[in-house]
Amino acid sequence: RLGRSLPKVLDEAEVDRLLAAARAQEGADGARLTAILELLYATGLRISELVSLPMAAAFRDPRFLMVTGKGGKERLVPLSAPARAAMEAYRPARELLLAKSPEKKKELSHWLFPSRGKSGHLTRHRVGQLLKDLAVAANIAPAKVSPHVLRHAFASHLLHNGADLRSVQQMLGHADISTTQIYTHVLDQRLKRLVQEHHPLAKDVGP
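Note that this is a predicted model, so its numbers are computed, not measured.

Side note on the pattern of salt bridges
Right, so step 1: This model, assessed by the stated rule, comprises eight salt bridges.
Right, so step 2: Here Glu49 ties to Arg75 by a salt bridge, and the two come within 2.9 Å at their closest N and O atoms. Of this pair, Glu49 sits in helix α3 (residues 47-51) while Arg75 sits in strand β2 (residues 74-78), and the two are 26 residues apart along the sequence. Accessibility classification places Glu49 together with Arg75 in one group, the buried group.
Right, so step 3: One salt bridge in this structure joins Lys105 and Glu95, with 3.9 Å as the shortest N-O distance. Residue Lys105 is located in helix α6 (residues 105-108), and its partner Glu95 is located in helix α5 (residues 81-99); the two are separated by ten residues in the primary sequence.
Right, so step 4: For Glu95, a relative accessible area of 37% corresponds to the partly exposed category.
Right, so step 5: A single network of salt bridges, built from pairs that share partners, joins Arg46, Glu49 and Arg75.

Shown next as structure tokens:
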């Protein structure tokens, strides 16, 4: 059987450039974009999970995010300190965005990322657009940046820095670990590095 193709991944320096470009944007839109980017990279959420987050999911416990994934299954995903800070900075910005639609404020206030569109929250397409524009600002090819690429970056960077595959599976919301095993190329690289650096037979033998 043909193997699955490896996912596109941004390196850590490119993610840092995206974050810097988002933080450089002023006003409520800038705070919202920074929160979106921080959440995607800190949690590995599917874009459908992100845009449909209710307000309560994010601010019930600032240490975790309650996510409803495929099949209605819920999971807790830990939030990093930068993600928590971005969420706190976004809270007053969100109120300003809601104030632009006073006639629909009650309806829109349910969502973490409200929008005046039909769904009441930002759409996947709109978030994708925002990330493409952000890529241009960060001097990164727009084709390299998407919500799904950030999900891959989350998983790959975690594994590269020592996380185990089972934990990454749980945070991604994969029902079967075979789905997560697409990232084993990262584990292979890490294991080779560990052997080269720490196994006595891999070291040069002195005179």
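Now that the structure has been shown, the text picks up again.
Thoughts on the pairing of strand β1 (residues 64-68)
Right, so step 1: Where burial is concerned, the two faces of β1 differ: the one with Leu65 and Val67 is buried and the one with Phe64, Met66 and Thr68 is not.
Right, so step 2: For β1 and β2, the ladder comprises five bridges, and the chain directions are antiparallel. Paired with Phe64 across the strands is Pro78, a residue of β2.
Right, so step 3: Where β1 folds back on β2, the antiparallel hairpin that results is connected by five residues, among which Gly71 adopts a positive phi of roughly 70°.

What to know about the environment of Thr34
Right, so step 1: Note that Thr34 resides in helix α2 (residues 27-43).
Right, so step 2: At 2.9 Å, the side chain of Thr34 forms a polar contact with the backbone oxygen of Gly30.

Here's the deal with the environment of His121
Right, so step 1: Within the secondary structure, His121 sits in the loop between α6 and α7 (124-137).
Right, so step 2: For His121, a relative accessible area of 13% puts it in the buried group.
Right, so step 3: Expressed as a C-alpha distance, the spacing of His121 and Ser52, which sit 69 residues apart in the sequence, is 6.9 Å.
Right, so step 4: Leaving out residues up to four positions away in the same chain, His121 has contacts with Val51, Ser52, Trp111, Phe113, Pro114 and Ser115.
Right, so step 5: There is a polar contact of 3.3 Å between the side chain of His121 and the backbone oxygen of Val51.

Remarks on the packing of α2 against α5
Right, so step 1: Interaxial distance between α2 and α5 falls to 8 Å at its minimum, and their mutual angle equals 145°. α5 is crossed by α2, and the crossing has left-handed handedness. Here Ala28, Asp29, Ala31, Arg32, Thr34, Ala35, Glu38, Leu39 and Ala42 of α2 lie close against α5, whose contacting residues are Pro82, Ala83, Ala86, Met87, Ala89, Tyr90, Ala93, Leu96 and Leu97.
Right, so step 2: Of the residues assigned to the contact of α2 with α5, the class counts are 14 nonpolar, one polar and three charged.

A short note on α7
Right, so step 1: Taking 1.5 Å of rise per residue, 14 residues should cover 20 Å, and α7 covers 20 Å from first to last C-alpha, within 8% of that figure.
Right, so step 2: Buried within α7 are the following residues: Val127, Gly128, Leu130, Leu131, Leu134 and Ala135. Around the axis of α7, the buried residues are gathered within 160° of arc, so they sit on the same side. When the buried face of α7 is taken as reference, the exposed residues oriented beyond 90 degrees from it are His125, Asp133, Val136 and Ala137.
Right, so step 3: Two residues or fewer past α7, Asn139 is found with a positive phi of approximately 60°.

Re the packing of helix α1 (residues 12-23) against α7
Right, so step 1: The geometry of α1 relative to α7 is characterised by a closest axis approach of 9 Å and an angle of 100° between their N-to-C directions. One finds that α1 runs roughly perpendicular with respect to α7. On α7, the residues that touch Leu18, Ala21 and Ala22 of α1 are Leu134, Ala135 and Ala137.
Right, so step 2: Among the residues making up the contact of α1 with α7, the classes are represented as six nonpolar, no polar and no charged.

What counts and how
Along each chain, residues carry numbers from 1 onward, in the same order as the chain's sequence is written. Predicted model: local features are reported for residues with pLDDT of at least 70 only, side-chain atom pairs are reported and counted for 80 or more only, and whole-chain, interface and lining totals are derived from all residues. Remark: hydrogens and water are excluded; side-chain values derive from all non-hydrogen atoms of the structure. We count a salt bridge whenever a side-chain nitrogen from Lys or Arg sits within 4 Å of a carboxyl oxygen from Asp or Glu. Put simply, DSSP H or I for four residues or longer makes a helix, DSSP E for two residues or longer makes a strand, and each gets a number counted from the N terminus. For the exposure calls, accessible area comes from a 1.4 Å probe over protein chains only, and a residue counts as buried if that area is under 20% of its type's maximum, exposed if over 50%, partly exposed in between. Between any two strands, pairing holds if DSSP finds at least two bridges. Side-chain atoms alone can form a polar contact between residues adjacent in sequence; in general such a contact is a pair of N or O atoms within 3.5 Å, and within protein one must be able to donate a hydrogen while the other accepts it. Working rule for contacts: check all heavy atoms of both residues, and any pair within 4.5 Å makes them a contact. Here an angle of 0 to 180 degrees is reported between the N-to-C directions of two axes, which are lines fitted to C-alpha atoms, with helices fitted over the stretch in contact. Each crossing gets its handedness from the near helix: less than a right angle anticlockwise from the far helix is left-handed, clockwise is right-handed. Any residue outside Ala, Val, Leu, Ile, Met, Phe, Trp, Tyr, Cys, Pro, Asp, Glu, Lys and Arg is labelled polar, Gly included; the first ten of those are nonpolar and the last four are charged. What a helix should span is 1.5 Å times the count of its residues minus one. Each direction from the helix axis to a C-beta atom contributes to the arc, which is the arc of those directions. Orientation categories follow fixed angle ranges, with anything under 35 degrees roughly parallel, anything over 145 roughly antiparallel, 65 to 115 roughly perpendicular, and all other angles oblique.

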